[in-house]
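The chain contents come next:
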Amino acid sequence: MIELIPAIDIINGQCVRLTMGDYSQKKVYDSNPTEVARRFEKMGFRRLHVVDLDGAKSKHIVNDAVLHSISENTNLVIDFGGGIKTEEDVEKAFAAGASMVAVGSIAVTNPELFHIWLDKYGAHRLILGADVRNGRIAINGWRDDSQEELLPFLRQYVDRGVRHVLCTEINRDGALQGPDIELYRQIMQEYPHLHLIASGGVSCNEDFHRLERAGILAVVFGKAFYEGRIDAGKLLASHPQKDPGLAKRIIPCLDVKDGMTVKGTNFINLRQAGDPVELGQAYSNAGADELVFLDITASIEGRKTFTDMVTRVARKINIPFTVGGGINELEDVERLLYAGADKVSVNSAAIHNPRLIDEITGKFGSQVCVCAIDARLDDTGWHCYMKGGREKTKLSLFEWAKEAQDRGAGEILFTSMNHDGVKAGFAYDALAQLSDELSIPVIASGGAGKMEDFHDAFTLGKADAALAASVFHFGKIKIPELKKFLRNKGINVRL
């Protein structure tokens, strides 16, 4: 599903639009950008692109107060660009409420500095702006043309880990002539893993359908909307956007081995973390939204121990909980649901026998079936693994998630093996792509190290829930404090 991103361009604190970047062709549409943003949110749009045109001209951020006002008064995910020339500008944009910052001119004129920002902030928080005129990159608010050709320019940053690119065809921007579909196709053919945001030329509802058919994941638009050429109601009906206003869930995960909770790093080096029933009860009392218990004991005797534990958990807690591990057939599902579980998680067995998902959902309903996917990123992309992360399969993460959804799975629990236990943040790009491509909830797993990581999972990764283990088990993060932090950041969580 293509992501629809309305734009608010700001000059002197007002919502304006230019034509082909020409400041002399300025048209003011509203004097209150915050109210415009609120209207976008009320219509059903979930993300916003804000451009500081004063900043682009002045070569430093000017309208950060407007950005802060929009952030404070909406739950929109905000991309911000214009005038980002120094690290102070980047920090100012994030402090004012931007989830992602778009950088264009600096990536051309000072690549070393942009590399530093990529290392410091992460590629998941930066959008590479590629503003194109006659095949070359334009800079400084589109006033100057560089010698950089588009595809080679992208190559140097794709190789550095950039995944988010906003490409604007300047000659079409504001001209209402339709987007340059062929240009975007060329980019995606060369760099198929990019999260490409198309910009420039959108003139009517049909243009969104054309972009989606071309495989474009997101599009920024402005003038066509302000001029009344876009029917927002029909557009959102045919391209519904995921609602960030729905409460996000915090889910502690307990891996159980021989009756005790354990935790490792990258699926190995296990250490004990306590009694699972006592931990589950403590998490329930602390405000966790759900729990996940995974049986990592392979023996038949271990299965009996785990089932007994599920019964004890059901007696002690009053929040939903999911159980997984060793579920190979409907009898296993029946056993665990009868013991008191609300949902079951299937992983290796579903890969080996995809019809297991059909059978579970056919008998018990989609809400019972969580498809857990352990995947690792390598040079050829994201690949699914079986047997506790020990056996690589030929399945692509995204293809398998889509098949699981089509077979009836109610949720996808995605664990990045690259990030698991490392505590350096979730796999935001992969999460965002899953969220874009699926209509069922996506649970983020693997990489939580600090409270900001959960915020980024919900904003940058667009996850519906975030799962973690060791940061909860060993007391690094307290759930009540985490939820207060998220609520103060504008994330809707149940307190």
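Please refer to the structure placed before this passage.
All values reported here derive from a predicted model rather than from experimental measurement.

Cut-off values and rules
- Residues numbered from 1 in each chain as written.
- Predicted model: local features only at pLDDT ≥ 70, side-chain atom pairs only at ≥ 80, totals over all residues.
- Heavy atoms only, no water.
- Salt bridge = Lys/Arg side-chain N within 4 Å of Asp/Glu carboxyl O.
- Pairing = 2+ DSSP bridges.
- Helix = DSSP H or I, 4+ residues; strand = E, 2+ residues; numbered from the N terminus.
- Phe/Tyr/Trp six-rings, centres within 6.5 Å; stacked < 30°, edge-to-face > 60°.
- Buried < 20%, exposed > 50% of the residue type's maximum accessible area, 1.4 Å probe, protein only.
- Lys NZ or Arg CZ within 6 Å of the ring centre and 35° of its normal.
- Polar contact = N/O pair within 3.5 Å; in protein donor to acceptor, adjacent residues only side chain to side chain.

Chemist: What's the story with the pattern of salt bridges in this structure? I'm lost.
Modeler: Two side chains carrying opposite charge are able to pair once their charged atoms lie near each other. Per the stated rule, a full pass over the model turns up 30 salt bridges. In this structure, a network of salt bridges that share partners links the residues E3, R47, D79, D436 and K462.

Chemist: Help me out: how do you make sense of the pairing of strand β8 (residues 136-139) in this one?
Modeler: Two faces belong to every sheet, and in a regular strand the side chains alternate between them. Bridge count between strand β7 (residues 126-133) and β8: two bridges; the pairing is antiparallel. Across the sheet, the residue bridging to V132 is I137, located in β8. Here β7 hands over to β8 after two residues, with N134 in that stretch at a positive phi of 55°. As judged from the three bridges shared by β8 and strand β9 (residues 144-149), these two strands associate in the antiparallel manner. Bridge pairing in β9 places A138 opposite D145.

Chemist: I would appreciate a short explanation of the packing of aromatic side chains in the present structure.
Modeler: When we look at a pair of aromatic rings, we describe it by the centre distance and by the angle of the planes. For the structure on display, the rule yields 16 aromatic pairs. Seen from their ring centres, F40 and F45 are 5.8 Å apart, and the 85° between their planes marks the pair as edge-to-face. For the pair formed by F40 and F45, the shared burial category is buried. A connected cluster of aromatic rings, assembled from ring pairs, spans Y29, F40, F45, F208, F221, F225 and Y226. One cation-aromatic arrangement involves R125 over F94; the distance from NZ or CZ to the ring centre is 4.0 Å. Sitting over the face of the ring of Y385, R376 holds its NZ or CZ atom 5.8 Å from the ring centroid.

Chemist: How should I be thinking about the side chain of Q405 in this particular structure?
Modeler: Structurally, Q405 is set in helix α17 (residues 397-406). Side-chain polar atoms of Q405 contact the backbone nitrogen of S439, separated by 2.7 Å.

Chemist: I tried to follow unusual backbone geometry on my own but got confused; where do I start?
Modeler: Among all residues save glycine, negative phi is the norm, and among peptide bonds the norm is trans. Non-glycine residue N12 carries a positive phi angle of around 50°. Looking at the element boundaries, N12 is found in the loop between β1 (3-11) and β2 (14-19). Its identity as a non-glycine residue notwithstanding, K462 has a phi of 60°, on the positive side. Tracing the backbone shows K462 in the loop between α19 (451-459) and β24 (465-468).

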